[in-house]
Amino acid sequence: MHDSMLKKLDQLKERIKEIETLLLDPETTKDINKYTLLNKEFADLKPIVEKFEEYNQTIISINDANEIINSDDEDLRQLAEEELKKSLGKPELLEQELKLMLLPKDSADDGSAYLEIRAGAGGDEAGIFAGDLFRMYSRLSEREGWNLEVIDIKQSEQGGLKEVVAKLVGESVFKVLKFESGVHRVQRVPETESQGRIHTSTCTVAILPEVQEVQDINIDKNDLRIDTFRASGAGGQHVNKTDSAVRLTHIPSGLVVECQDGRSQHKNKEKALSLLAAKLKQQEIDNQQESIASERKIMVGTGDRSEKIRTYNFPQGRMTDHRIKLTQHNLDQIMDGDIKTICDALLAENQLAMLSQLESE
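Residues numbered from 1 in each chain as written. Predicted model: local features only at pLDDT ≥ 70, side-chain atom pairs only at ≥ 80, totals over all residues. Heavy atoms only, no water.

**Student:** Would you mind going over the overall build of the protein chain in detail, with residue names and values included?
**Tutor:** Regarding its fold elements, the protein chain presents 11 helices and 11 strands. The 361 residues of the protein chain split such that 39% are buried. Taking the intrachain contacts of the protein chain between residues at least 6 apart in sequence as the baseline, contacts between residues at least 24 apart amount to 60%. Here the protein chain displays about 20300 Å² of accessible surface, and carbon together with sulfur accounts for 47% of that area. (Helix = DSSP H or I, 4+ residues; strand = E, 2+ residues; numbered from the N terminus. Buried < 20%, exposed > 50% of the residue type's maximum accessible area, 1.4 Å probe, protein only. Contact = heavy atoms within 4.5 Å. Areas by Shrake-Rupley, 256 points an atom, 1.4 Å probe, with all protein chains shown as cover.)

Set out below in structure tokens:
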């Protein structure tokens, strides 16, 4: 194992001892926020330190076995040979596991996220595809036990969607979905196509992590223009009577968000503020990093075909993710929300890239 990695792991061992001491201090328990943060840090570090202890014990066992392998005692020599066989390749495996555990973690990974889908090139067929994608993510949400809250939805012709914004609430939503941002392309024969020709349409998808505390993002009320209007879509007589929908315009950035999900104007405003905070936070990250990692970039452009990250080919029943050259021939299941294996493959590929960078450093 590289010296810099050993040094880092030794530092973590010392840190976990410090935390244990602090958690036993009565003064710490008086500050609930500090106590909670220390507990979380302890929980994060403990598996790494335990794995490091396992690695150290393995190295000690191998060294001890090597010392007695040439012993005159036949029984000891056999025990040493068995120990070496048992430990064959184990240090390398443990080292690889430790490297993965040491990779930088995105603080947003454990939390909820916003999903935005917008129809791009392709007219009515793009709107129908946007509806198909929304159903795909809705079915995934059901499979994963997440809760889906529609924030804003705009219908299109032919029963499709112009755009939809939803919040997916649950554990590790952002971690699972963060590589879904980008342009999704569909190839199929529309129902209105009499000649049987394949059409290509696009939709843009964006995944934004939820900001845990809206107060963490400085939103000056003087920078906001708040408009109320009547919600469109289903809702019966209530839709025609109450200006419950809310549109927030953040004047300095030009960002506009809408929420027309609930009947309460106050709750719609709260949801819109939370979404605006998420967008401003992402904008802040984009500005801080000159070359931002692709998985953290919002790709909600024009739906131009050249930006495609994934193609759904209905005549051939296949899906291709162009970033990792992954092709699957179970399109029906994929459109029914069975995309966890695709998300996992993207996460694994990202981990490999990060490992490669870590090792080169």
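**Student:** Describe the pairing of strand S1 (residues 113-119), naming the residues involved and giving the relevant values.
**Tutor:** For S1, the buried fraction is high: five of the seven residues fall into the buried class. Here S1 pairs with strand S3 (residues 161-169) via six bridges, running antiparallel. Each residue of the ladder has a partner; that of tyrosine 114, found in S3, is lysine 167. The pairing of S1 with strand S5 (residues 199-209) spans seven bridges and is antiparallel. Residue pairing in the sheet places alanine 113 in a bridge with proline 209 of S5. (Pairing = 2+ DSSP bridges.)

**Student:** Break down the sheet that holds strand S6 (residues 224-229) for me, with residues and values.
**Tutor:** One open sheet holds the three strands; their spatial order is S6-S7-S8, and the pairing between them is antiparallel. Two strands bound the open sheet, and with one partner strand each, they are S6 and strand S8 (255-259). Taken pair by pair, the neighbouring strands of this sheet meet at an average axis angle of 15 degrees, ignoring direction. Of the pairings in the sheet, the one linking strand S7 (residues 245-250) to S8 comprises five bridges and is antiparallel in character. When the bridges of S8 are listed, leucine 248 appears paired with valine 257. (Axes fitted to C-alpha atoms, helices over the stretch in contact; angles between N-to-C directions.)

**Student:** An account of the sheet that holds strand S9 (residues 308-313) is needed here, citing residue identities and associated values.
**Tutor:** The strands making up a sheet associate through hydrogen bonds between their backbones, and the pairing can be parallel or antiparallel. A sheet is described by the order of its strands in space; here eight strands give the open sequence S2-S3-S1-S5-S4-S9-S10-S11, paired in mixed fashion. The outermost strands of the open sheet, each flanked by one partner alone, are strand S2 (147-155) and strand S11 (326-328). Taking each pair of neighbouring strands and ignoring which way they run, the sheet shows an average axis angle of 15 degrees. By the bridge criterion, three bridges tie strand S10 (residues 318-321) to S11 in an arrangement that is antiparallel.

**Student:** So what about the pattern of salt bridges? Which residues, and what values?
**Tutor:** Scanning the model with the defined rule gives 31 salt bridges in all. For arginine 77, the salt bridge is made with glutamate 74, and the minimal N-O distance between the two is 2.2 Å. Of this pair, arginine 77 and glutamate 74 both sit in helix H4 (residues 74-86), three residues apart, roughly one helical turn. Judged by its relative accessible area of 23%, arginine 77 is partly exposed. Given a relative accessible area of 39%, glutamate 74 falls into the partly exposed group. Two residues, aspartate 321 and arginine 310, come together in a salt bridge whose shortest N-O distance is 3.0 Å. Placement of aspartate 321 in strand S10 and of arginine 310 in strand S9 is noted, with a sequence separation of 11 residues between them. Neither residue differs from the other here; aspartate 321 and arginine 310 are each classed as buried. The network of salt bridges with shared partners includes Arg135, Arg139, Glu142, Arg143 and Asp336. (Salt bridge = Lys/Arg side-chain N within 4 Å of Asp/Glu carboxyl O.)

**Student:** Any details on helix H1 (residues 3-24)? Residues and values, ideally.
**Tutor:** Each full turn of the α-helix corresponds to 3.6 residues, which orients residues three or four apart in the same direction. End to end, H1 covers 32 Å across 22 residues, agreeing with the expected 32 Å (1.5 Å per residue, within 8%). For H1, the full list of buried residues reads Met5, Leu9, Leu12, Ile16, Ile19 and Leu23. Viewed end-on, H1 has its buried residues packed into an arc of 70 degrees, placing them on one side of the element. In this structure, H1 carries Asp3, Lys7 and Thr21 as exposed residues pointing more than 90 degrees from its buried face. Check the buried side of H1 and you find it contacts helix H2 (26-30), helix H3 (32-68) and helix H5 (90-102). (Expected span 1.5 Å × (residues − 1). Arc of directions from axis to C-beta.)

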